[in-house]
Amino acid sequence: MKIGIINNCLKGETRVASTPKTSSLYIKDGFEVFLQKGAGELSGFCDEEYQKEGVIALERKEVLECDIILSVLPPKKEDLASFRAGQWLICDLTTFDEKADLKDLVNTDIGAIDLGKIPRISRAQTMDILSSQSLIAGYKAATDALHALKQTAPLLMTSAGTLPPVKALVIGAGVAGLQAVSVLKRMGANVIATDIREESKAEIQSVGAKFSSNIQNEISTSNIIICSAFTHGKKAPLLLKKDQIEQMPENSVLIDMAQGNIEENFSRNDIVFIKDKHLEQKLPTSASLLFSNNVYSFLKTFDYLSPNTNYEDEILQKTLICSDGFLRSKIK
């Protein structure tokens with residue numbers, strides 16, 4: 001059986017679905033692995049690194065003939081003509097949500113697995129791309145915020161005077177939010193966080209931040225505000241309105257990780273505003289290492305989707321989108 005690694009056509013995508021190290025694991029398991037030439041370059045992995053592990057670098061069209069095709073995001077529309085029955089496409093199909101596109105994908109008879117639909121259960125943690133990529137994005141949000149500030153983060157007491165610590169507010173304490181909290185805290189900032197989930201208070205406190213149920217009281221003194229309230233498959237909730245932003249200290253930093261949490265048309269030109277729902281793409285080497293491990297764990301767990309695979313398994317029931325010309329699940 002042959003495994004093929006292709007790159008993505010979407011602008012800004014820098015990750016790759018299998019690193020040289022993970023590719024070597026497929027080879028040890030008895031598979032031939034083929035790489036689209038240059039597919040790992042934006043992630044920091046050159047073709048030579050793959051070839052040292054036994055991977056064969058080919059043109060995209062040839063790689064698309066493999067039995068299992070690995071990609072981070074959906075392939076190009078023109079790739080659909082190369083698909084055939086019996087092949088598997090493994091990727092994050094979250095952005096592949098146009099009905100016409102989905103119909104075209106089903107009509108190719110290919111089997112498609114949407115890793116973006118991995119359920120949040122304990123035995124699926126090693127396959128959970130949403131969590132692993134959110135972890136990287138949360139780290140990047142925190143470091144970008146600190147880089148954009150015009151002041152140091154920790155309390156510094158010197159003979160020349162005292163520099164007060166930065167105050168940061170993180171709204172949304174999921175994986176990304178908690179990682180941002182943790183990084184900001186380690187850098188010496190005073191961090192306050194909030195979330196609508198009842199269990200979030202304990203999670204926030206476990207990484208050293210204070211919990212607040214009333215963010216209005218914190219906005220006017222927060223030098224950094226990071227909003228990370230994602231609703232997978234739905235429009236991001238509006239959390240911070242322009243009248244609230246007007247209350248922030250001078251030269252503050254706002255980061256909207258969901259591209260919809262923050263009302264944009266505010267008048268404060270001194271505030272740095274970063275809006276990016278794919279911050280993990282800015283750290284492609286780290287993001288690819290985790291993503292490729294998630295993919296390998298999935299395929300290994302389900303016997304590389306062989307005929308012996310239990311397709312009634314809860315995880316496969318959630319992630320199997322289509323196969324054999326039939327729609328198995330819905331992309332929401």
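A few points on the structure. From a predicted model like this one, the values you see are computed outputs, not experimental measurements.

Reading the values: rules and limits
- Residues numbered from 1 in each chain as written.
- Predicted model: local features only at pLDDT ≥ 70, side-chain atom pairs only at ≥ 80, totals over all residues.
- Heavy atoms only, no water.
- Helix = DSSP H or I, 4+ residues; strand = E, 2+ residues; numbered from the N terminus.
- Rg over C-alpha atoms; globule rule 2.2 N^0.38 Å.
- Buried < 20%, exposed > 50% of the residue type's maximum accessible area, 1.4 Å probe, protein only.
- Contact = heavy atoms within 4.5 Å.
- Areas by Shrake-Rupley, 256 points an atom, 1.4 Å probe, with all protein chains shown as cover.
- Lys, Arg positive; Asp, Glu negative; His and termini not counted.
- Charge placed at Lys NZ, Arg CZ, Asp CG, Glu CD.
- Phe/Tyr/Trp six-rings, centres within 6.5 Å; stacked < 30°, edge-to-face > 60°.
- Pairing = 2+ DSSP bridges.
- Axes fitted to C-alpha atoms, helices over the stretch in contact; angles between N-to-C directions.
- Salt bridge = Lys/Arg side-chain N within 4 Å of Asp/Glu carboxyl O.
- Polar contact = N/O pair within 3.5 Å; in protein donor to acceptor, adjacent residues only side chain to side chain.
- Patch = residues over 30% accessible without salt bridge, like charges linked within 9 Å, V, L, I, M, F, W, Y side chains within 5 Å.
- Core = buried A, V, L, I, M, F, W, Y, C linked by side-chain atoms within 4.5 Å.
- Parallel < 35°, antiparallel > 145°, perpendicular 65-115°, else oblique.
- Left-handed = near helix turned anticlockwise from the far one by under 90°.
- Nonpolar A, V, L, I, M, F, W, Y, C, P; charged D, E, K, R; others polar.

1. Remarks on the overall build of the protein
The helix and strand tally for the protein stands at 11 helices and 16 strands. A compact globule built from 332 residues would reach a C-alpha radius of gyration of about 20 Å, and the protein, at 22 Å, matches this within 12%. Over its C-alpha atoms, taken along the principal directions, the protein stretches across nearly 65 × 40 × 35 Å. Among the 332 residues that make up the protein, the fraction classed as buried is 52%. The long-range share in the protein, meaning contacts at least 24 apart out of those at least 6 apart in sequence, stands at 60%. Accessible surface, the protein as shown: approximately 15,800 Å² in total, 51% of it carbon and sulfur. One finds the centroid of the 38 positive side-chain charges in the protein at a distance of 4 Å from the centroid of its 42 negative side-chain charges.

2. What about the packing of aromatic side chains?
A ring pair, where both rings are aromatic, is described by two values, the distance of the centres and the angle of the planes. Per the counting criterion, the structure on display carries 6 aromatic pairs. An angle of 10 degrees between the planes, with centres 6.3 Å apart, marks the rings of W88 and Y311 as stacked. Of this pair, W88 sits in strand 5 (residues 88–91) while Y311 sits in the loop between helix 10 (284–301) and helix 11 (314–319); the two residues are 223 residues apart in sequence, bridging distant segments of the chain. For W88, a relative accessible area of 12% puts it in the buried group. Assessed through its relative accessible area of 25%, Y311 is described here as partly exposed.

3. Thoughts on the sheet that holds strand 4 (residues 68–70)
Pairing is mixed across the open sheet formed by 8 strands, whose spatial order is 3-2-1-4-5-6-15-16. Of all strands in the sheet, those bounded by a partner on one side alone are strand 3 (56–58) and strand 16 (326–327). Packed onto the sheet, helix 1 (residues 20–28) meets strand 1 (2–5), strand 2 (32–36) and strand 4 and runs at close to 150 degrees relative to strand 2. Across the sheet, helix 10 is in contact with strand 4, strand 5 and strand 6 (111–114); its angle to strand 4 comes to roughly 160 degrees.

4. Remarks on the pattern of salt bridges
Side-chain pairs of opposite charge can arise whenever the charged atoms involved come near each other. In total, this model carries 16 salt bridges according to the counting rule given. Between R123 and D313 there is a salt bridge; the shortest N-O distance is 2.9 Å. Of this pair, R123 sits in the loop between strand 6 and helix 5 (129–148) while D313 sits in the loop between helix 10 and helix 11, and the two are 190 residues apart along the sequence. Connected through salt bridges with shared partners, the residues D195, R197, E199 and E203 form a single ionic network.

5. Section: the sheet that holds strand 9 (residues 167–171)
Note: strands within a sheet are paired through backbone hydrogen bonds, in either parallel or antiparallel orientation. Taken in spatial order, the 6 strands make up an open sheet running 11-10-9-12-13-14, and their pairing is parallel. Single-partner strands in this sheet number two, and they are strand 11 (210–211) and strand 14 (272–275). With 4 bridges joining them, strand 13 (residues 253–256) and strand 14 adopt parallel strand pairing. Bridge pairing links V253 to V272 in strand 14.

6. Some details on the side chain of S222
In this structure, S222 sits in the loop between helix 8 (216–219) and strand 12 (224–227). Among the polar contacts listed, one links the side chain of S222 to the backbone oxygen of E218, at a separation of 2.7 Å. Not counting the four nearest positions on each side in its chain, S222 is found in contact with K167, L169, M248, P249 and S252.

7. A look at a negative patch on the surface
Residues E41, E48, E49 and E53 make up a contiguous surface patch of negative charge. Along the polypeptide, E49 turns up in helix 2 (residues 47–52). Looking at E49, the relative accessible area reads 32%, which means it is partly exposed.

8. What to know about the environment of Q216
When you line up the elements, Q216 lands in helix 8. Look past the residues within four positions of Q216 in its chain and what remains in contact with it is Q244 and Q247. In terms of polar contacts, Q216 uses its side chain to reach the side chain of Q247, at 2.9 Å.

9. Side note on the nonpolar core
A general tendency of soluble globular proteins is for nonpolar side chains to be buried together. Of all hydrophobic cores here, the largest spans 35 residues; its most connected members are I90, F298 and L299. The greatest single-element share of this core, amounting to 5 residues, is contributed by helix 10. In this structure, I90 is in contact with I68, I69, L70, S71, I113, L115, V295, L299 and L305, ignoring residues within four places of it in sequence. Counting residues in each nonpolar core, the second largest holds 28 residues, with L149, V166, A180 and V181 among its members.

10. Remarks on the environment of A176
Note on placement: A176 falls in helix 6 (residues 175–186). Given a relative accessible area of 4%, A176 falls into the buried group. C-alpha of A176 to C-alpha of A141: the two residues are 35 residues apart in sequence and 8.5 Å apart in space. Here A176 is in contact with S134, G138, S228, F230 and M257, once residues within four sequence places are set aside.

11. Considering the packing of helix 5 against helix 10
It is the contact of helix 5 with helix 10, at a shortest axis distance of 9 Å, that shows an interaxial angle of 170 degrees. As far as their axial angle goes, helix 10 and helix 5 are roughly antiparallel. Note that helix 5 runs across helix 10; the crossing there is right-handed. When helix 5 is examined against helix 10, the residues I129, S132, Q133, L135 and I136 are found in contact with a partner set consisting of S286, A287, L290, F291 and N294. Its residues assigned to classes, the contact of helix 5 with helix 10 shows 6 nonpolar, 4 polar and no charged.

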